[in-house]
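Chain residues, written in single-letter form:
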Amino acid sequence: PTAMDRPYDVVIWGATGFTGKIIAAYFQDLKERKALGGIRFALAGRNAEKLKTVLKQIKSEAPIVIASLTNEDSLAAMCASTRVLLSTVGPFMKYGTPVVAACVQQGTDYVDTTGETPWVRELIDRFHASARGRKTFIVPMCGFDSIPSDLGAYITAAEIKKRYGCATRKIENFVTMTGSASGGTLATGIMMERQAPHRLHDVFVLGGQRKCGVREEDKDFNRVEFHEGVGMWATTFGMAKLNTRVVRRSNSLFEAEGLGYGDNFNYQEKALVPTEKIAKKVWRAANAPPDVIERMIKQGRLPTPGKGPSKAERKKNWFIFTMDGTSEDGRHVRTEIKGGDAGYEETAKMVAESAILLASKKGELLKRKGAHGGVVTPAFAFGRQLVDRLVAAGIHFHASPTAVVSKL
C-alpha cells in the first residue's frame with residue numbers, strides 16, 4: 001500500500017522490551033492527553049501474550065502486530081502496515097538489518113534507538129542509495145545517542161552563523177549527568193567491542209573527515225584532566241565515541257548541500273565531574289574491557305538484558321549538556337540542553353517525537369534542502385522541527401552568544 005492508505009502511522013517494534021514499554025507508555029499518555037493529533041499507533045513483537053500484558057500495564061487498547069525476524073513475509077507485512085516503523089530491538093547488529101531491509105523495500109520510514117555506529121555504517125553502505133531513491137527516511141540513533149548531541153551541534157552552528165556570520169571552528173560538549181545503563185545497553189556495548197572494534201574506534205566511521213585527514217583534535221578524548229575554564233575535572237564520556245560520529249556525519253551531509261558547519265569543524269565530548277577521584281573512576285568504567293563487564297553481569301552487579309533502572313530510580317536521573325561553540329574568528333556561542341532520565345525516559349520521548357514528526361510532517365521534511373530520504377542523521381532529517389517538538393515535550397534546548405563558557 002502507498003504510505004497514505006496504511007492502517008497505522010507508527011508501529012513500535014520491540015514493545016515488550018525495557019525501552020519499548022516506556023515508548024509505548026509515552027504514546028498512550030499522549031493519546032490520553034489528546035496530544036497525538038490523530039496519529040494511529042500499534043505495538044509489534046513476536047509474542048501476542050507478552051504484547052497484551054504490555055497493553056494492560058499501560059492501560060491501552062492499541063492494536064497489536066505479530067512479526068518474527070525468522071519470517072521475512074511477516075516483517076514485510078508489518079512494515080507495509082505502517083508509515084513509520086520505530087524499532088527498539090537490539091543488539092541491532094544482530095537483529096536490525098532485516099527490519100531495515102523490509103522498510104526500504106516497502107517504502108516505510110524508520111527510526112530507532114540504536115547506538116551501534118558499526119551497524120549504522122553497514123546500513124549506509126547497503127541501503128542509503130536505495131532508500132534515497134524511494135524518498136524513504138532511515139534515521140538510526142534517535143535516542144539519547146545521539147539526538148541531544150546532534151541537534152545541539154546543529155543549533156550551535158546555526159547560531160554562530162546567524163550571530164557572527166561565519167563558520168564554526170569547533171564545538172566542545174561538556175556532559176554532566178546521573179543514570180545507569182540497562183542490561184540491553186551493556187550487552188550491545190560488549191558485542192560492539194568484540195565484533196567491530198576497528199569500526200567502533202574509527203572516529204570517521206560515518207564520514208565527515210576533513211580534507212587534511214585525521215587531526216590530533218579529532219581523536220577520542222580519553223584521559224583525566226582539570227578543566228580551568230569550568231573549575232571541574234574532565235574525563236571520557238562513555239557515549240562520546242558514538243555521538244561524535246553522528247555529528248560528523250551530519251556535518252558531511254549538510255556539506256554536500258553547501259550547508260556545512262565549517263571546513264575545519266571539530267566536535268568533541270567530555271564528561272565533567274567535581275573531583276579527580278570520581279574522574280578516575282569514570283575513566284576506568286569507560287575503559288573497562290568487555291570481559292570485566294560480562295563478569296559483573298554474571299555476578300549480578302550489573303543488569304541482564306530486559307532489566308534496567310526502576311521508575312523511581314529513573315525519576316531521579318538528569319542530564320545537562322553545555323556546548324561551547326567557537327566560530328572561525330574565535331567568538332563563542334553557548335548551548336545548553338537539559339532533560340531528565342537520559343537513557344530511557346528521554347530516549348523514549350526523543351525517538352517517539354521523531355516518529356511522530358515523520359508520520360505527520362513528512363511532506364514538509366522533504367522540502368528541506370537536500371532532504372530526499374536515505375540513511376541519515378536526526379539533525380539532517382529533522383533539524384529545527386524536532387528541536388521545537390522536544391522543547392514542547394519538556395527537553396530544554398537553548399543557544400546564546402557568550403563571551404566564553406565559564407563556571408557551569
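Residues numbered from 1 in each chain as written. Predicted model: local features only at pLDDT ≥ 70, side-chain atom pairs only at ≥ 80, totals over all residues. Heavy atoms only, no water.

## What to know about the packing of helix 7 (residues 147–164) against helix 15 (residues 378–392)
Their axes nearest at 9 Å, the elements helix 7 and helix 15 cross at an angle of 90°. Taken as axis vectors, helix 7 and helix 15 run roughly perpendicular relative to one another. Of helix 15, the residues touching helix 7 (which contributes I147, D150, L151, Y154 and I155) are P378, A379, G383, R384, L386, V387 and L390. Residue classes in the contact of helix 7 with helix 15 are distributed as nine nonpolar, one polar and two charged. (Axes fitted to C-alpha atoms, helices over the stretch in contact; angles between N-to-C directions. Helix = DSSP H or I, 4+ residues; strand = E, 2+ residues; numbered from the N terminus. Parallel < 35°, antiparallel > 145°, perpendicular 65-115°, else oblique. Contact = heavy atoms within 4.5 Å. Nonpolar A, V, L, I, M, F, W, Y, C, P; charged D, E, K, R; others polar.)

## Brief notes about the pairing of strand 7 (residues 168–177)
Of all ten residues making up strand 7, seven are buried, and the element is well covered by its neighbours. Bridge count for strand 7 against strand 11 (residues 319–327) is nine bridges, and the pairing is antiparallel. Note on strand 11: the bridge partner recorded for E172 is D324. Taken together, the six bridges between strand 7 and strand 10 (residues 266–273) define a ladder with parallel strand orientation. Bridged to N173 within strand 10 is E269. (Buried < 20%, exposed > 50% of the residue type's maximum accessible area, 1.4 Å probe, protein only. Pairing = 2+ DSSP bridges.)

## Comments concerning the sheet that holds strand 1 (residues 8–13)
Spatially, the seven strands line up as an open sheet ordered 3-2-1-4-5-6-13, and their pairing is parallel. Bordering the open sheet on either side are strand 3 (64–66) and strand 13 (374–375), each of which pairs with just one other strand. Strand direction decides the pairing type here: strand 4 (residues 82–87) and strand 5 (residues 109–112), joined by four bridges, are parallel. Each residue of the ladder has a partner; that of V84, found in strand 5, is D109. Across the sheet, helix 3 (residues 72–80) is in contact with strand 1, strand 2 (41–45), strand 3 and strand 4; its angle to strand 4 comes to roughly 120°.

## Notes on the pattern of salt bridges
As enumerated under the stated definition, the model contains 27 salt bridges in all. Here E255 makes a salt bridge to R210, at a shortest N to O gap of 2.7 Å. Of this pair, E255 sits in helix 10 (residues 240–255) while R210 sits in the loop between helix 9 (197–200) and strand 8 (225–227), and the two are 45 residues apart along the sequence. According to the relative accessible area criterion, E255 is partly exposed, its value standing at 29%. A residue is classified by how much of its surface remains accessible, and R210, at 6% relative accessible area, is buried. Between K338 and E336 there is a salt bridge whose closest N-O contact spans 3.5 Å. The partly exposed category is assigned to K338, whose relative accessible area is 34%. What you see here is one network of salt bridges that share partners, running through R169, R215, E217 and D218. (Salt bridge = Lys/Arg side-chain N within 4 Å of Asp/Glu carboxyl O.)

## Things to note about the nonpolar core
The nonpolar side chains of a soluble globular protein tend to be buried, and buried together. Core analysis: the biggest nonpolar cluster contains 76 residues, and V10, I12, F27, L43, L86, V111 and F382 have the highest contact counts within it. Broken down by element, the residue count for this core peaks at twelve residues, all from helix 14 (residues 342–366). Apart from residues lying up to four places away in sequence, L86 is in contact with V10, V11, I12, W13, I23, F27, V111, V351, A352 and A355. Core analysis: the next-biggest nonpolar cluster, separate from the first, contains 34 residues, W13, F92, W119 and V205 among them. (Core = buried A, V, L, I, M, F, W, Y, C linked by side-chain atoms within 4.5 Å.)

## Remarks on the environment of R314
With respect to the helices, strands and loops of the structure, R314 is situated in helix 13 (residues 311–316). We classify R314 as buried; its relative accessible area is 10%. Sequence-wise, R314 and R194 are 120 residues apart; in three dimensions their C-alpha atoms are separated by 29 Å. Ignoring any residue separated from it by four or fewer positions in sequence, one finds R314 in contact with F18, I22, P309, D341, Y344 and E345.

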